[in-house]
Amino acid sequence: MTDTVLSLDRISKRFGALIANDAISFDLKQGEIVALLGENGAGKTTLMNILFGHYVADDGSISVFGKSLPPGQPRAAIQAGIGMVHQHFTLADNLTVLDNIMLGTEKPWRLSSRKSEARQRLTKLAQDFGLAIEPDKTVAELSVGERQRVEILKVLYREARILILDEPTAVLTPQESQSLFATLKKLTAQGLSIIFISHKLNEVLSVSDRIFVLRAGRLVAERPTKGTTRKELAELMVGRPIAEPKIEPQPHGDIHVEIRAVTTADGLDHADLTLHGGEILGLAGVSGNGQTALANLLSGLSPPKSGTLHIFGEDAARWTPDLVTRKRIARIPEDRHAEGLVADMSVTENVIAEIYREPRFNKRGFLDWRAAEGFAEEIIKGFDVKCPSPTTRVRLLSGGNMQKLILGRTLSLAPRFILACQPARGLDIGAVSYVHERLIQARKSGASVLLISDDLDEILALADRVAVIYRGRISEPLPRQQVTIQELGLMMAGHGFSEGDAHAA
Amino acid sequence: MDALELLFSASLWAAAIRIASPLIFATLGELISERAGVLNLGIEGIMTVGAFAGWFTVYQGGDLWLGVLVAALAGSAFGLLHAILVVPLGLSQHVTGIGITLFAASLTYYTYRLAFPEVTSPPKIEPFQPWAVPVLSDIPFFGEALFRQTPLTYLAFIAAGLVGWFLYRTPAGLAVRTAGENPAAVEAQGIDVTKVRILAVVAGSALMGIGGAFLTLSAFNSFYFEMVNGRGWIAIALVVFGSWRPGKALLGALLFAAFDAYQLRLQQLAGAFVPYQIFLMLPYALSILALIIMSRRASYPRALMIPYRKGER
């Protein structure tokens, strides 16, 4: 159990002025799970890309099973027994599982692939590790959890002895994550070694044997998992003490949003939901269960086919997105790159995108750029957006700063209802706590917040009441004190939702 | 003979298969390229180059098969140019492809004029002759339609089978298909995406070159301006029609060619009453209709026209 299978020696990598990895050294022993913990941009992915040969390190060396690894050759890394399960799956959707697994395993100029032998080997492998899979289905037909299984099988098929998993749970339900962890334990029991990359503290604590913490490109700490705490790790990651969000109980206000038995073309199925002023309602669910449809409904993008929708007491079934904005409903879209911002336009242009028709930005029918820039500057100051000037193109901002810009744009209009879809997705701990603080402030001032998230920790930290969305239906919301992560996980997998009755839960 | 009787004449189907041959080569070429994720709109120009290069080789005294080889090489040279511009450099595949078509066709006409400054009627060569397959060519109807063609036509059908085998039965074909679906997956297996894509475009362009050469070495016996006449563009539509599958694309080419052969004969039959332009339009109108029906269900290569840069997502 104590043989070193992999060691990294003073690996450094720069991208221009940015030092992505600064003399990082660590080692991995046979049969152990090592976690690489760090925020976005801490250098985890860069380091693993160097290990796997996607990048060439500027300095330092790597040795695998005692032999040094030539830099910049994925093929050499594979042959040395390293397998990588990428954060974004590297699968081709239109091809079969078998095709995906066989790719690159045979000499390219063979005249004929040995498909039946490959199928046999795959089936045996799947049985040995308890990773059931149908080789002839196309990847497009598989669930996210199954796709990850294919990725893992792909690596095992290549006889990897060292597995690197890059943020493997980002797309999984809590149950799927648990079964992944069980698989990982099975693999290490058979002598494989695993590097587990994550920024989720709970997972790292539950799955690993040792933890390395990266911050700003440097290795700042090594801790045995048994001798550390969540709090210590969080502070090591961020580099300063973290305050957990505090929510003080307060009475509900009037009903702001009332959805009754609404069905829409894009995925809601007799959904019910009531949202009061001064509360945060957390909506949990595996992505793709109607969250987008609900957001579209509330932003006026898709009207209900049946059922009723009232916002602030008015019939809102036929509201257009423009009217929704004018009614002071703030939207934090799920995908800030696709829907939230126009990357190649300036900060100023982006902040007035929804409201440029308002009189304050118009002078005799022309845009008043001075007023617009003033508004942009207010947001930059008020919401701590780090950018050189209002004329900066949004593309150049970091994810956290983009999100702050979106928050500033909508929250500066003093909204009464905030539709927050995955507001913390992809942000580091510092930015996440900022976003949460702002939502809590809005709640205090009497606004209603619908928090749609697939991060249960986030929901349980912020929400007054919690509901689950499953196949377009929404469960009866329960006070946060009455739910546990386990129950929510089960409901997210469909427990308690029966065919005919949307409110069985 | 009336319009219906025409459909059952062996000579109509023999003509259809002849007309289909250059389309089959070109469509297969485009298909390989698109399967790897690269649209090649240089096809029309590459066919023109192939037509001239093949014919000129034979005119200079080369063997007919040497002409075919030279046409393939000339086509792949322009394919390589396209590939370098759009794969490692990541330029727009549309714009580059149209540029290649204009460049290749103009260069061909220029070379032709340089070689034959004074000629008014195009010089002729001795083209491929029909070769009757023993036994099979004696089958009534089918023998005449299928087995009394020129060797290049037989090669077109063989090529369709080979391309199908290559794409679905060999490891290299799998790499090509994956490169067109998700290049990151290819990269992750330690295979060079750039190399796979360039080779696919070059090989596809060689087939396009042979498609062009069919016109000068088999269908006709000389080279003249504008002789490719939109066949490259039809091939692009046929790839979509065939849902990026060699077998279906082959059927599509035959279908289109059958319409074309049929309208030619209908013209003679009904030319007195209906303007001939209507007949000329027919195959194109029908192919648009077929496209609308077929391509609604087509699953195109996901990474088609998306440049791949290492380390980027």
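Residues numbered from 1 in each chain as written. Chains lettered and ligands numbered in written order. Predicted model: local features only at pLDDT ≥ 70, side-chain atom pairs only at ≥ 80, totals over all residues. Heavy atoms only, no water.

Explain the overall build of chain B residue by residue, including any values.
Secondary structure assignment for chain B yields 13 helices and zero strands. Along chain B, helices (α) and strands (β) appear in the sequence α-α-α-α-α-α-α-α-α-α-α-α-α when read from the amino end. In terms of overall dimensions, chain B is globule-like: its C-alpha atoms have a radius of gyration of 20 Å, near the 20 Å expected for 313 residues. Excluding contacts between residues fewer than 6 apart, the proportion of contacts in chain B whose partners are at least 24 apart in sequence is 76%. (Helix = DSSP H or I, 4+ residues; strand = E, 2+ residues; numbered from the N terminus. Rg over C-alpha atoms; globule rule 2.2 N^0.38 Å. Contact = heavy atoms within 4.5 Å.)

Describe in detail the overall build of chain A, supporting the description with residues and values.
Of regular secondary structure, chain A possesses 17 helices and 23 strands. Here the C-alpha radius of gyration of chain A, 25 Å, is about what a compact globule of 505 residues would show, namely 23 Å. Principal-axis analysis of the C-alpha atoms gives chain A an extent of 70 × 55 × 50 Å. Taking the intrachain contacts of chain A between residues at least 6 apart in sequence as the baseline, contacts between residues at least 24 apart amount to 66%. If you sum the accessible surface of chain A, you get close to 22,400 Å²; carbon and sulfur atoms cover 51% of it. Averaging the coordinates of the 60 positive side-chain charges in chain A and doing the same for the 61 negative ones gives two points 3 Å apart. (Areas by Shrake-Rupley, 256 points an atom, 1.4 Å probe, with all protein chains shown as cover. Lys, Arg positive; Asp, Glu negative; His and termini not counted. Charge placed at Lys NZ, Arg CZ, Asp CG, Glu CD.)

Tell me what's going on with the nonpolar core, and back it up with residues and numbers.
One finds A:Ile152, A:Leu156, A:Leu163, A:Leu184 and A:Leu187 to be the most contacted residues of the largest nonpolar core, which totals 112 residues. Sorting elements by how many residues they give to this core places helix H10 (residues 193-219) of chain B first, with eleven residues. (Core = buried A, V, L, I, M, F, W, Y, C linked by side-chain atoms within 4.5 Å. Buried < 20%, exposed > 50% of the residue type's maximum accessible area, 1.4 Å probe, protein only.)

I'd like a rundown of the sheet that holds strand S9 (residues 210-215) of chain A, residues and numbers included.
Residues and elements named next belong to chain A. What the six strands build is an open sheet, ordered S6-S7-S8-S3-S9-S10; its pairing is mixed. With partners counted over all chains shown, the strands left at the sheet margins are strand S6 (82-85) and strand S10 (218-224), one partner each. Averaged over all adjacent pairs, the angle separating strand axes in this sheet is 20 degrees, with direction ignored. In this structure, S6 lies alongside strand S7 (residues 162-166), joined through four bridges in parallel fashion. Residue pairing in the sheet places methionine 84 in a bridge with isoleucine 164 of S7. Along the sheet face, helix H5 (residues 144-157) touches S6 and S7 and points at about 170 degrees away from the line of S6. (Pairing = 2+ DSSP bridges. Axes fitted to C-alpha atoms, helices over the stretch in contact; angles between N-to-C directions.)

Before we move on, can you summarise the sheet that holds strand S2 (residues 18-29) of chain A with the specific residues and values?
Residues and elements named next belong to chain A. Sheet architecture is open: four strands sit in the order S2-S1-S4-S5, paired in antiparallel fashion. Each edge of the open sheet carries a strand with a single partner, namely S2 and strand S5 (67-68). Against the sheet, helix H1 (residues 44-51) touches strand S1 (4-15), S2 and strand S4 (59-64), its axis set at about 115 degrees to S1.

A description of the confidence of the model for chain A should follow, citing residues and the corresponding values.
All names here are of chain A. Per-residue confidence for chain A gives a mean pLDDT of 88; residues scoring 70 or more make up 98%. Put simply, helix H11 (residues 336-340) is where chain A has its lowest mean pLDDT, 82, and strand S20 (residues 448-452) is where it has its highest, 95. Across residues 500-505 the pLDDT falls below 50, and counting only partners more than four positions away or on other chains, this stretch makes 13 contacts in the model. (pLDDT = per-residue confidence, 0-100.)

I'd like a description of the environment of A:Asp344, backed by residues and values.
All names here are of chain A. Mapped onto the elements of the fold, aspartate 344 is located in the loop between H11 and helix H12 (347-351). According to the relative accessible area criterion, aspartate 344 is partly exposed, its value standing at 44%. Spatially, the C-alpha atom of aspartate 344 lies 8.9 Å from that of leucine 396, the residues being 52 residues apart in sequence. Discounting chain neighbours no more than four positions away, the residues touching aspartate 344 are Arg393 and Arg395. A distance of 2.6 Å separates polar atoms of two side chains, one belonging to aspartate 344 and the other to arginine 393. A polar side-chain atom of aspartate 344 sits 2.8 Å from a polar atom in the side chain of arginine 395. (Polar contact = N/O pair within 3.5 Å; in protein donor to acceptor, adjacent residues only side chain to side chain.)

Account for the domain arrangement of chain A, naming residues and giving values.
A common measure of how large an interface is: the accessible area buried when the components associate. Residue and element names in this part refer to chain A. Here chain A is partitioned into domain 1 (4-238), domain 2 (243-328 + 414-505) and domain 3 (342-413). One C-alpha centre belongs to domain 2, the other to domain 3, and the line joining them spans 27 Å. Between domain 2 and domain 3, the residue contacts involve 13 residues of the former and 16 residues of the latter. Roughly 1,200 Å² is buried in total at the junction of domain 2 and domain 3, and carbon and sulfur atoms are behind 61% of that figure. (Domains from an automatic or database assignment. Buried area = accessible area lost by both parts, 1.4 Å probe.)

Explain the interface of chain A and chain B to me, and be specific about the residues and the numbers.
Between chain A and chain B, the residue contacts involve 30 residues of the former and 27 residues of the latter. Of the roughly 2,300 Å² buried between chain A and chain B on both sides combined, carbon and sulfur atoms contribute 57%. Broken down residue by residue, the surface that chain A buries against chain B is led by A:Asn94, A:Leu95 and A:Leu103, which jointly contribute 26%. Linking chain A with chain B are two salt bridges, by the criterion used here. The partner of A:Asp99 in a salt bridge is B:Arg177, with the nearest N and O atoms 3.3 Å apart. Applying the counting criterion to the chain A and chain B interface returns eleven residue pairs in polar contact (both at pLDDT 80 or more). Looking at the side of chain A that touches chain B, the element that brings in the most residues is helix H2 (residues 74-79) of chain A, giving three residues. A class-by-class count of the residues in the side of chain A that touches chain B yields 13 nonpolar, eight polar and nine charged. (Salt bridge = Lys/Arg side-chain N within 4 Å of Asp/Glu carboxyl O. Nonpolar A, V, L, I, M, F, W, Y, C, P; charged D, E, K, R; others polar.)

Just give me the short version of the packing of aromatic side chains, but keep the residues and values in it.
One pass over the full model with this rule turns up 27 aromatic pairs over all chains. Relative to A:Phe497, the ring of A:Tyr470 has its centre 5.3 Å away and its plane inclined at 40 degrees; by these criteria the two rings are tilted. Here A:Tyr470 is found in strand S21 (residues 465-470), whereas its partner A:Phe497 is found in the segment after helix H17 (485-492), with 27 residues between them in sequence. Relative to B:Phe142, the ring of B:Phe141 has its centre 5.4 Å away and its plane inclined at 90 degrees; by these criteria the two rings are edge-to-face. Within the aromatic cluster, the residues linked to one another by ring pairs are B:Phe52, B:Trp55, B:Phe56, B:Tyr59, B:Tyr109, B:Tyr112, B:Phe116, B:Phe223 and B:Phe225. Stacked on the ring of A:Phe383, the Lys or Arg A:Arg438 has its end atom at 3.9 Å from the ring centre. (Phe/Tyr/Trp six-rings, centres within 6.5 Å; stacked < 30°, edge-to-face > 60°. Lys NZ or Arg CZ within 6 Å of the ring centre and 35° of its normal.)

Describe helix H15 (residues 429-444) of chain A, naming the residues involved and giving the relevant values.
All names here are of chain A. For H15, which comprises 16 residues, the first-to-last C-alpha distance of 22 Å matches the rise-based estimate of 22 Å (1.5 Å per residue) to within 8%. For H15, the buried fraction is high: twelve of the 16 residues fall into the buried class. Listed as buried for H15 are Ile429, Gly430, Ala431, Val432, Tyr434, Val435, His436, Arg438, Leu439, Ile440, Ala442 and Arg443. Directly after H15, the chain includes glycine 446, whose backbone phi takes a positive value near 100 degrees. (Expected span 1.5 Å × (residues − 1).)

If you had to explain the packing of helix H7 (residues 151-169) of chain B against helix H8 (residues 171-181) of chain B to someone new, which residues and values would you point to?
All names here are of chain B. Interhelical geometry of H7 versus H8 gives an angle of 80 degrees and a closest axis separation of 5 Å. For the element pair H7 / H8, the angle class is roughly perpendicular. Only Pro171, Ala172, Gly173, Leu174, Val176 and Arg177 of H8 make contact with H7, whose side of the interface consists of Phe166, Leu167, Tyr168 and Arg169. (Parallel < 35°, antiparallel > 145°, perpendicular 65-115°, else oblique.)

Tell me about the confidence of the model for chain B, and please be specific about residues and values.
All names here are of chain B. The predicted model of chain B averages 92 in pLDDT, with 98% of residues at 70 or higher. The least confident element of chain B is helix H1 (residues 3-7), whose mean pLDDT is 79; the most confident is helix H4 (residues 64-86), at 98. Interface confidence for the predicted complex, given as ipTM, is 0.86, next to a pTM of 0.79.

Lay out helix H9 (residues 291-298) of chain A in plain terms, naming residues and giving numbers.
All names here are of chain A. Most of H9 is tucked away, with seven of its eight residues classed as buried. For H9, the set of buried residues is Gln291, Ala293, Leu294, Ala295, Asn296, Leu297 and Leu298. Glycine 300 lies just past H9 and shows a positive phi near 80 degrees.

I'd like to hear about the pairing of S1(A), residue by residue, with values.
All names here are of chain A. When S1 meets S2, the two strands line up antiparallel, connected through eight bridges. Each residue of the ladder has a partner; that of arginine 14, found in S2, is isoleucine 19. In terms of strand pairing, S1 meets S4 through five bridges, oriented antiparallel. Each bridged residue has a counterpart across the sheet, and for serine 12 the counterpart in S4 is aspartate 59.

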